[in-house]
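Results of the structural survey
Spelled out, the chains give:
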Amino acid sequence: MTQTIAPRVRTVVLLLLAAACALLVGAGPASAHAAVTGSDPARGAVVDKAPARISLTFSEQVAMSGDSLRVLDPEGKRVDTGGPSNVSGTTYAVRLHSGLPDGTYTVAYQVVSADSHPVAGAYTFSIGAPSKTSVTVSGQTADDGVVGWLYGLGRYVSYAGFIVMAGGAAFVLACWPRGSGVRPVQRFVVSGWLALTGATLALLLLRGSFTGSGKVADIFDLSLLGQVLQTKTGAALVSRLLLLAAAALFIAVLFGAYDKREDPQEKRDLTFGLAIGGVVVAAGLAASWAMSEHASVGLQAGIAMPVDVVHLLAVAAWLGGLGALLVALYRAPADTPVDTSAVRRFSRLAFGSVLALIATGTYQSWRQLGSWSAFTDTRYGQLLLAKIALAALLVGVAWISRRWTGRLAETVPAAAEREKARVGAGAEASGDAEPGGTGDDRTGAGPEAATDTATDTDTDADADADADEQPDSEPADTERAAQLARQRAARDAARQKRLRDADPDRLGLRRSVLAEAGIAVVLLAVTTVLTQTEPGRTEQEAKAATSASASTSPDTGASGALTLNMPFDTGGKNGKGIVTVDLDPARVGDNEMHVYVERPDGQAFDIPEVKVDFTLKAKDIGPLPVVPDHLATGHWSANGVQIPMAGDWKVDVTVRTSDIDEVTVTKNAQIG
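Residues numbered from 1 in each chain as written. Predicted model: local features only at pLDDT ≥ 70, side-chain atom pairs only at ≥ 80, totals over all residues. Heavy atoms only, no water.

**Some words on helix 8 (residues 301-331)**
A rise of 1.5 Å per residue sets the reference length of helix 8, with its 31 residues, at 45 Å; its end C-alpha atoms lie 43 Å apart and thus fit the reference within 8%. Judged by how many residues are buried, helix 8 sits mostly within the fold: 24 of 31 residues are covered. (Helix = DSSP H or I, 4+ residues; strand = E, 2+ residues; numbered from the N terminus. Expected span 1.5 Å × (residues − 1). Buried < 20%, exposed > 50% of the residue type's maximum accessible area, 1.4 Å probe, protein only.)

**Things to note about the confidence of the model for the protein chain**
On average, residues of the protein chain carry a pLDDT of 76, and 73% of them reach 70 or more. Within the protein chain, helix 12 (residues 439-444) has the poorest average pLDDT of any element, 38, and helix 5 (residues 232-254) the best, 94. Across residues 409-420, confidence stays below pLDDT 50; counting only partners more than four residues off in sequence or on other chains, it has seven contacts. Note on residues 425-470: pLDDT is under 50 here. Beyond four places in sequence and across chains, it has 34 contacts. (pLDDT = per-residue confidence, 0-100. Contact = heavy atoms within 4.5 Å.)

**Looking at the sheet that holds strand 3 (residues 53-58)**
Here four strands make up an open sheet; going across it, the order is 1-3-7-6 and the pairing antiparallel. Each edge of the sheet is formed by a strand with only one pairing partner; in this case those strands are strand 1 (36-40) and strand 6 (80-88). Along the sheet, successive strands turn relative to each other by an average axial angle of 20 degrees, direction set aside. The pairing of strand 6 with strand 7 (residues 91-96) spans five bridges and is antiparallel. Counterpart to Thr81 in the pairing with strand 7 is Arg95. (Pairing = 2+ DSSP bridges. Axes fitted to C-alpha atoms, helices over the stretch in contact; angles between N-to-C directions.)

**A word on empty space enclosed by the protein**
Under the counting rule described, the total for this entry stands at one cavity of 30 Å³ or more. If you add up the space inside the largest cavity, you get close to 90 Å³. Around the largest cavity, the lining is made up of 13 residues, and of these Tyr151, Arg155, Leu237, Arg240 and Glu293 lie nearest the centre. For the lining of the largest cavity, the residue count by class is four nonpolar, five polar and four charged. (1 Å grid on protein atoms, 1.4 Å probe; cavity = no way out; pocket = protein on both sides within 12 Å on 5 of 7 lines; lining within 4 Å. Points joined across faces, edges and corners; volume = space filled by probe spheres on them. Nonpolar A, V, L, I, M, F, W, Y, C, P; charged D, E, K, R; others polar.)

**Looking at the pattern of salt bridges**
Pairing between side chains of opposite charge can happen when the charged atoms of each approach one another. One pass over the full model with this rule turns up five salt bridges. Put simply, Arg78 and Asp80 hold a salt bridge, and the shortest N to O gap is 2.7 Å. The exposure class of Asp80 is buried, given its relative accessible area of 9%. Ionic pairing is found between Glu609 and Arg656, a salt bridge with its closest N-O pair at 3.0 Å. Separated by 47 residues along the polypeptide, Glu609 in strand 13 (residues 609-616) and Arg656 in strand 17 (residues 647-656) bring together distant segments of the chain. (Salt bridge = Lys/Arg side-chain N within 4 Å of Asp/Glu carboxyl O.)

**Re a nonpolar patch on the surface**
A contiguous nonpolar patch, built from Val146, Leu150, Leu153 and Val216 and spanning about 330 Å² of accessible area, is present on the exposed surface. Among the structural elements, Val216 can be located in the loop between helix 3 (183-210) and helix 4 (222-229). Given a relative accessible area of 46%, Val216 falls into the partly exposed group. (Patch = residues over 30% accessible without salt bridge, like charges linked within 9 Å, V, L, I, M, F, W, Y side chains within 5 Å. Areas by Shrake-Rupley, 256 points an atom, 1.4 Å probe, with all protein chains shown as cover.)

This is the structure:
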């Protein structure tokens, strides 16, 4: 039966791992956690003269390097000078070369948000009038490509390694102390340590390229590694490596000195010391995530970080302990089976972990979402719903495991008595039965037992025959006796394992625990993607800030009306001033236009004539002339201004301040 189950186990585990990898691959690049909420010049704006600098405002503070802000001319050449600087709060700027010619310029940015995730993007603005540009804006993402996927895989492996190492050790120490001497359980915990250590080293090497160029060749650039070590994320990864050294010492004691302790008092004292040390090391490792990711920024960071530590420890105790239990059920030797009391203790540990996860998860959901609508309106909320559904399914399967544990507890004593009676009967039969007789052992234990006994008898007979052939010497007899003892021990262990595997209650527990572990693998994949996704609260706040920025930009009025301010100078007396054109709602169809003329000191004044023309060069439409009516001092108006098509319109305003003094000023604006 074991031979039949093992291939199924491998198949199920491989399918679940494949599903988890597919989920990670299908998740796409990690979403940004900081968003651009404003810029000067604004996105798509057309300015009359070249600005001295460009500035970007983000939704939170970001980390920048010398190339984080780049401004490219239509030919793709950089026109920025010097590195970016923090102007104020979350606004960052870079100076431009003077005397830039007219055309369309591209602003590209690549920064690292406060929660360690890279943010990249680009937009354009124009000087004088838009022009063709050779710069490609699309494809400039923060974590696309091979390096981005490797970094995501490293994050998944690091989470899995921590859960396996910390949860497996907790299972041994709190639930099954005998497991410290079981080799498969030892390998399980050590593999978690190796996975976490390897993934941490890989993340350190990948970090510089991940937040920078994204090139594979830059992975081993030591200068980038030096820059990473000076960041918050680099400090967290180095701290994790130092704590892993302490974790290695803990594991060595757990599977070495602790396993060899036979005195009960000494073992209790060592258990207490290992428990305290293990919790401290595990909490420190969990804090290396909390101090550098979501919990470290945003609302109530001082509370969120310890809550995040508790959340990670609860996940490790539950899922890591579940993995250790699965290994014990399938791989533990027959002479050291996992007992019912250990399963019951783990059940209580898992129940407490679930309660902790519910409490901490509820707080984290409130903090990261901020509203009920974010559950469905943001990607973070949708992933969180998937995580909650998987966790609920996992709890349901765990409840089934508890039922199997209860049945196992009821059947184990009876099974033990039957086995004891069967062994006694077999011994009596082997000593008293007539040659050729079957004995009670063979007839009472069923076909499997009969086969086992027959095999045992044949083995004993072969062993006796071999012994007869040996020379009559004491060393040979001693060696043969030791060999026979080993054979009998192996035969007894195999018999006990077959009997254990034939127990339907234990088989049911195995399968339910295997199902739990499979769901846990997928749950961990969803959690990894979730930690790389922009929180719902941040996403909604960034959208609101972007909308507010757009509604109050220099070329847009509060109601959505287009507002153009254009200085003019006709050259004559009182020839200087500012003409303002308001177009409402600045959409295709009917619009209402207001024109205001003011002196340089802001006072309204009348002029002989104002005319406005609209031209859409891309479609060869226009100029469409509009002559507004004079309403009041410095105020003209026109109703029913028709805009036939959306696009980048050129607005020409002709101002005449006397019979001979006249000038036309121009500005482009998006209408549509």
